[in-house]
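Read off the chains here:
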Amino acid sequence: MEVRELLYEGKAKRVYTTDDPQYLVVAYKDDATAFNGQKKGTISGKGIVNNRMSNLLMARLEREGVPTHLVRELNDRETLVRRVAIVPLEVIVRNAAAGSFSRRYGVEEGVVFAAPTLEFSYKNDELGDPLLNDDHIVALKLAAPEELAAIRRYALTVNRLLQELWKGCGVTLVDFKLEFGRLADGTIVLADEISPDTCRLWDAKTGEKLDKDRFRQDLGGVEEAYSRVMERLTGLIQGEEGM
């Protein structure tokens, strides 16, 4: 499939058209941003880790019945995906308090919730990605009620499956962000990425942070943390495949 032209460049990825309007190529960058772009930097090799990890996880989710935009991995940094119209919502699933939740509500980081907590925010940098409830989403026509129900269902399924997978790697899935899109026929599918950029991943024994918080909080060892979680994930999956 021939790559044609740059369609969009975001904080972490470039998206290219192809000679088939139904498909796009996503290219992952090493650029890193935090706090709505106020902090910028580079995490060497991040694009490779995020591309590969996202594809491994989405392939697993597909097998478990969660539809995604994934078609196939092209190389270390590029993946062919189905073209979708992104639903302008960030869907945050939280299993424990951390980050903005702790700051917003005064809850100590690490407090585990009795059940997963879902948050929705409006994908709008100019407005600061404000939180939304279901009524806001419908009133703003960001998603229809039946689409929102599907997004909720998929998000909780993804959480359950990822928690199980990361547990096998000795990693606690604290929280993560998802994005969904509509195919040409209106079908809702999981899009964007699942990576240390979009997930909080803590070592299950030590509590060490193995994700983008190391960049946000100037903890150092960012590249090493990304590599370590990738090694754990691939080791687990290879072990399963060898059984």
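Residues numbered from 1 in each chain as written. Predicted model: local features only at pLDDT ≥ 70, side-chain atom pairs only at ≥ 80, totals over all residues. Heavy atoms only, no water.

Participant: So what exactly am I meant to see when it comes to the sheet that holds strand S7 (residues 78–82) here?
Facilitator: Hydrogen bonds along the backbone pair up the strands of a sheet, which may run parallel or antiparallel. An order of S1-S2-S3-S7-S6 is seen for the five strands of this open sheet, with the pairing classed as antiparallel. Two strands bound the open sheet, and with one partner strand each, they are strand S1 (3–9) and strand S6 (70–73). When the angles between neighbouring strand axes are averaged without regard to direction, this sheet yields 30°. As paired elements, strand S3 (residues 23–28) and S7 share five bridges and run antiparallel to each other. (Pairing = 2+ DSSP bridges. Helix = DSSP H or I, 4+ residues; strand = E, 2+ residues; numbered from the N terminus. Axes fitted to C-alpha atoms, helices over the stretch in contact; angles between N-to-C directions.)

Participant: Sorry if this is basic, but what is going on with the layout of surface pockets here?
Facilitator: Which parts of space are left empty comes out when a probe the size of a water molecule is rolled across the atoms. By volume, the second largest pocket is sized at about 180 Å³. In terms of lining, the second largest pocket is formed by Pro-21, Gln-22, Tyr-23, Arg-82, Arg-83, Val-84, Leu-183, Ala-184 and Asp-185. The residue inventory of the lining of the second largest pocket, partitioned by class, reads five nonpolar, one polar and three charged. (1 Å grid on protein atoms, 1.4 Å probe; cavity = no way out; pocket = protein on both sides within 12 Å on 5 of 7 lines; lining within 4 Å. Points joined across faces, edges and corners; volume = space filled by probe spheres on them. Nonpolar A, V, L, I, M, F, W, Y, C, P; charged D, E, K, R; others polar.)

Participant: Help me out: how do you make sense of the packing of helix H1 (residues 46–63) against helix H4 (residues 145–168) in this one?
Facilitator: Two measures define how a pair of helices packs: the angle their axes make with one another and the distance between the axes. Remark: H1 packs on H4, axes separated minimally by 11 Å, with the N-to-C direction vectors making an angle of 120°. As judged from the angle between their axes, H1 and H4 are oblique. Crossing geometry of H1 relative to H4 is assigned as right-handed. Of the residues in H4, those touching H1 at Met-53, Leu-57, Arg-60 and Leu-61 are Val-158, Leu-161, Leu-162, Leu-165 and Trp-166. Split into classes, the residues belonging to the contact of H1 with H4 amount to eight nonpolar, no polar and one charged. (Parallel < 35°, antiparallel > 145°, perpendicular 65-115°, else oblique. Left-handed = near helix turned anticlockwise from the far one by under 90°. Contact = heavy atoms within 4.5 Å.)

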